[in-house]
Structure formats: structure tokens, C-alpha cells
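Structure assessment
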Amino acid sequence: MAKRGPTYTCQACGAVYHRWQGKCDACGTWSSLTEEAQAAPVPGARGSSGKARGRVFALETLKGETQDAPRIVSRIGELDRVTGGGFVPGSVLLIGGDPGIGKSTLLMQACAALANSGQRVVYVSGEESTGQVRLRAERMGLADAPVDLAAETNVEDIIATLGQGQRPALVVIDSIQTMWSGEVESAPGTVTQVRGSAQSLIRYAKTSGACLILVGHVTKDGQIAGPRVVEHMVDAVLSFEGEGAHSFRVLRGQKNRFGATDEIGVFEMTGKGLSEVSNPSALFLAGRDQAAPGAAVFAGVEGTRPVLVEIQALVSPTSLGTPRRAVVGWENSRLAMVLAVLETHGGLRLGQHDVYLNVAGGLRVNEPAADIAVAAALVSSLTGAILPNESVYFGEVALSGAIRPVSVAAARLREAAKLGFGAAFLPSGGADFGDGGGLNLRRFGHVTELVADIAARAPRRDVK
């Protein structure tokens, strides 16, 4: 049998090549290919004839009795909301986030809460010593929680230790990039090691029934580092987001086989750790300037939770040949589309203006329902008109200039009414909400109607 040559694996995306090259064709990263040994063939995989051996298994139909997966409640409401009601025994979760965002803090609080309820919890740290982890627990007042703690990076040793005594209900590995397996001939942190270590730990979780949480590093773009195949191997992928200048943190579900996706949990960083925020809309709207132009309140929905957030825009004449477009918390391509619609159908001249857009509080908005709020903020900043203080905006702007209805409009209106808002600007189409929960509903069918309404509030001056 011919000997196979060496393989080169991209450490950024996991693509495999048979020869070295300076740039990875899959992700475009330079100098990321390293030579890695191939995995040894599984013994007994083939018979004497050279053909693969297998066993016959029974096939079933789609019809049958099903049961909801049991849950291990962490007693942290915002975390349970994102996971779908709690941890599922035998499931594997991958949580990523920027360094220092609070991943280890949140998991330590969850471990302490489960351990205090009588469950066996094991926290394995591959980046910090046990003394450092104890210091963090003391600062948060969790030193008395009966959490089993270890500082280890060898996967075989970890699995052997977990198999001793009572089966743990929860195992935290912090982080998966520091783990290594003796069965993989590669350096720790490489794509091959991360994939092999994750596979061994996932196999343990599925066979033992313990819930496993893997902490993952992130790249400079905010994506979870390592091969994307790990995200396909786990049952749930959670992303921990937040800005260093703000005290709140957002835990967002990107994938969940046992619950809804795009659900969020909101926390506030305090001296005692992370505290839950039961009303995130009030947090995001705190301290807003109601008398300044260029600010619109967007009634959004994150998962099943309606969230109100302020959209801030600044449109100023440019001194550059190419106007600047700066966006924080929204998509650059979406802003370019809204600007093009306002110029083409709204009659506004924005080509000689710098545009700055910000989602207040550091929240990242992903749904297209924010189009009308962004458009209102841009027109308000350009014209100098002050938008009504107690009003919210939501609706999708089409390329034709039409304002299209969005989903879950009733929940958006209820959240606005609960926080004391008196009016809502929404698309003319869609369902009839009656009195709209006590709100004064203003409906628009085209972006020209929105521009005309805001321009009528502007002070007397020429708009260019």
C-alpha cells in the first residue's frame, strides 16, 4: 500500500491541503497552513477481503411516542431562557466570547448554583490554576459551593477522572483550545487537536449522560476560533457579547437543538459577578436625550423577547472626497441600502454627507425591522427635526421604497405600551391591532410619507 504524503491544515478554518502554500484558498488567511500528522486508521475496520465490515440495524418509522428532553435548571433565569429551559443531560454546549467578557464568571455562577442544589459539578480549567479560580469564586461569594475543581489539559486524564465516583451533572471545560489528546500527533491549539479533543469529550458526554460546556476562544472578527466542524458537532452554540464601555452583557443563542435560536439573555456586570436584567428595554433606553434630533426608538424582537433600543444617527457635511459611513451595532450593507432608498425615493441628498449610525447601549441589531427606525433617525439628523419623544418605530424598507410589515408586531406594541410609550410608527399593511394596546398607531406605506412627516417637524431651513 502506498504511503500517503503529509497534509497541511489551515489553523483558521480547518481546510486541508496536500502541499504547503502561503495563502489558504478557503478563508484567505496568509501563513496559516501547518503540517499535521494524519490520524491512524481504526483497527478492525476492514475484513480480510479488504471490504468494510458492518452490522445490520433496525429501521423505524417517523410515527411513535416522543418525550420532551429532561432539563437541569441552572437557577439563572436568563441562562435558562437561552438554553431553552435548562441544560439537557448528555448535551454539549459551546460558548464563545471576547476575552474578559465574563464567560468564566457566568459559568462559575451556574456551577455554584447547581452544586448548591445537590448536583455534582466539575469545573476543569486549562488556562488558569486552581488558585486563580478560587480567587474569582471568593470575589463573587461562591467559595463555599461544593464544585469539583481541577487544572488539567490532557483529555484522557480528564475523562478517566470524570468516570470515578458519581456521574457529574455538569462538566465545564475552559477552554477547548487548551486541551490536547495523546492520540493526536499535533501541538495543542491546532485544528487537529481541537477537533480530536472535542470529539473525545463529546463522546464521553453522550455515553455518560453528563451535560458538557466547552468554552471557545474567538477570532478578531468575533467568530469562534478553531474548525467550524466543532460547531456542527455540539448541540448548542452560545455567543457572549458586550462592549467594554458598558456594564451589560448579552448571551445570544446561535444554534440550539433543544430550544429556540436567536434567544438572548441580558446580564449586568457587577462587583459580585453577573446579575440578571429582567427588563432589558429599560436598561437600553436609560439616559437617552429626548430633545436631540437623530434619535429614534426601535421596537425590536430578540428570539421571543421584545426589546426596545435607541437608534442614533448623525449626518454632517463631509470635507472628504468620499463620504464616510461608520456603523456600530448594525450591518454596513443594510445602511447603504437605506441610504440609497432615501436618495432615490425620498428625495434626500446624502452623497455629500458623512453618516454615523450607532445602536445605543452596545446591542447588535440583526433584523430588517429596524429599517424604518434607521431611516427616521437619518432624516431627523439631516433635517434637524426632533422626533416625538414617546414613539417607537419598526418596519422593513424595500428597494422600491415601500414599507413592509414585520412579524410579532403585537408583542412589540405591548412592550412599548408597558414602558409608557404613546405612539408607534409602523407599516400600513399587516394585521389590524385595534387600539394597539392604547398606542396611537401611525401607519406608513412608503418611505416618502415618512420623510414628509419628519420634514414637517423640521425648523425652517433649506435641506440639502
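The following paragraphs examine the structure supplied in this document.

Criteria and thresholds
Residues numbered from 1 in each chain as written. Predicted model: local features only at pLDDT ≥ 70, side-chain atom pairs only at ≥ 80, totals over all residues. Heavy atoms only, no water. Helix = DSSP H or I, 4+ residues; strand = E, 2+ residues; numbered from the N terminus. Buried < 20%, exposed > 50% of the residue type's maximum accessible area, 1.4 Å probe, protein only. Areas by Shrake-Rupley, 256 points an atom, 1.4 Å probe, with all protein chains shown as cover. Lys, Arg positive; Asp, Glu negative; His and termini not counted. Charge placed at Lys NZ, Arg CZ, Asp CG, Glu CD. Pairing = 2+ DSSP bridges. Contact = heavy atoms within 4.5 Å. Axes fitted to C-alpha atoms, helices over the stretch in contact; angles between N-to-C directions. Parallel < 35°, antiparallel > 145°, perpendicular 65-115°, else oblique. Left-handed = near helix turned anticlockwise from the far one by under 90°. Nonpolar A, V, L, I, M, F, W, Y, C, P; charged D, E, K, R; others polar. Expected span 1.5 Å × (residues − 1). Salt bridge = Lys/Arg side-chain N within 4 Å of Asp/Glu carboxyl O.

1. Thoughts on the overall build of the chain
A count of helical and extended segments in the chain gives eleven helices and 21 strands. Counting every position in the chain, which comprises 464 residues, the buried fraction comes to 48%. Within the structure as shown, the chain displays about 22700 Å² of accessible surface, and the carbon and sulfur contribution to it stands at 51%. Side chains of the chain give 45 positive and 45 negative charges; the mean places of these two sets differ by 4 Å.

2. Overview of the pairing of strand β11 (residues 264-270)
The side chains of a regular strand alternate, first on one face of the sheet and then on the other. Of the pairings in the sheet, the one linking strand β10 (residues 248-256) to β11 comprises five bridges and is antiparallel in character. Looking at β11, one finds that F248 is bridged to E268. Summarising the sheet, β11 and strand β12 (residues 273-276) pair through four bridges and their orientation is antiparallel. Looking across to β12, one finds that M269 is bridged to L274. Between the end of β11 and the start of β12, which pair antiparallel, lie two residues.

3. Some thoughts on the environment of A424
Note that A424 resides in strand β20 (residues 423-427). Spatially, the C-alpha atoms of A424 and P168 are 50 Å apart, while their sequence positions differ by 256 residues. Leave out the neighbours within four places in its chain, and A424 touches V392, L413, L439, N440, L441 and R442.

4. Quick notes on the sheet that holds strand β3 (residues 33-36)
Backbone-to-backbone hydrogen bonds pair the strands of a sheet. The strands run either parallel or antiparallel. In space, the three strands of this open sheet follow the order β2-β1-β3, with antiparallel pairing throughout. Two strands close off the open sheet at either side, each with one partner strand: β2 (16-17) and β3. Bridge count between strand β1 (residues 7-10) and β3: four bridges; the pairing is antiparallel. Looking at the pairing, C10 lines up with L33 of β3.

5. Details of the environment of S316
Position of S316 relative to the elements: it lies in strand β14 (residues 305-317). For S316 and V215, which are 101 residues apart along the polypeptide, the C-alpha to C-alpha distance reads 43 Å. Here S316 is in contact with Q352, H353, D354 and Y356, once residues within four sequence places are set aside.

6. Quick look at the sheet that holds strand β6 (residues 148-151)
One open sheet holds the nine strands; their spatial order is β6-β5-β7-β8-β4-β9-β10-β11-β12, and the pairing between them is mixed. The outermost strands of the open sheet, each flanked by one partner alone, are β6 and β12. If you compare each strand with its neighbour and ignore which way they point, the axes differ by 25° on average. Sheet topology note: the strand β4 (residues 92-97)/strand β8 (residues 211-216) ladder contains five bridges and is parallel. Bridge pairing in β8 places G96 opposite G216. Each of β4, β7 (170-174) and β8 is contacted by helix α5 (residues 191-208), which is oriented at about 160° to β8, the strand it contacts most.

7. Describing the packing of helix α8 (residues 332-344) against helix α9 (residues 371-383)
Put simply, α8 and α9 touch, their axes get as near as 10 Å, and they point 60° apart. Here α9 runs oblique to α8, going by the angle between their axes. Pair α8 / α9 crosses with right-handed handedness. Between α8 and α9, the residues in contact are R334, L335, M337, V338, L339 and L342 and D371, V374, A375, L378 and V379, respectively. Classifying every residue of the contact of α8 with α9 gives nine nonpolar, no polar and two charged.

8. With respect to α9
Helix length check: α9, at 13 residues, gives a terminal C-alpha distance of 18 Å against a target of 18 Å (1.5 Å per residue), a fit within 8%. Along α9, 13 of the 13 residues are buried, which leaves the element largely enclosed by surrounding structure. Looking at the residues trailing α9, positive phi occurs at G384, about 80°.

9. Here's the deal with the pattern of salt bridges
Scanning all chains against the criterion turns up 14 salt bridges. Put simply, R257 and D235 hold a salt bridge, and the shortest N to O gap is 2.9 Å. Highlighted residues: R257 in the loop between β10 and β11 and D235 in the loop between α6 (229-233) and β9 (236-241), separated in sequence by 22 residues. Overall, the relative accessible area of 4% leaves D235 in the buried class. The closest approach of N and O atoms between R412 and E367, which form a salt bridge, is 3.1 Å. Pair noted here: R412 is in helix α10 (residues 409-418) and E367 is in the loop between β16 (353-359) and α9, with a separation of 45 residues, a long-range link. A single burial state applies to R412 and to E367, both of which are buried. Connected through shared salt-bridge partners, K206, D235 and R257 make up one network.

10. Considering unusual backbone geometry
The peptide bond linking D174 to S175 adopts the cis configuration, its omega dihedral lying at 5°. The residue S175 is located in the loop between β7 and α5 in this model. The backbone phi angle of R75 is positive, close to 70°, even though this residue is not glycine. Structurally, the position occupied by R75 is in the loop between β3 and α1 (77-83). Classification of R75 by relative accessible area gives exposed; the value is 60%. Although it is not a glycine, V408 adopts a positive phi angle of roughly 55°. Along the polypeptide, V408 turns up in the loop between β19 (403-404) and α10.

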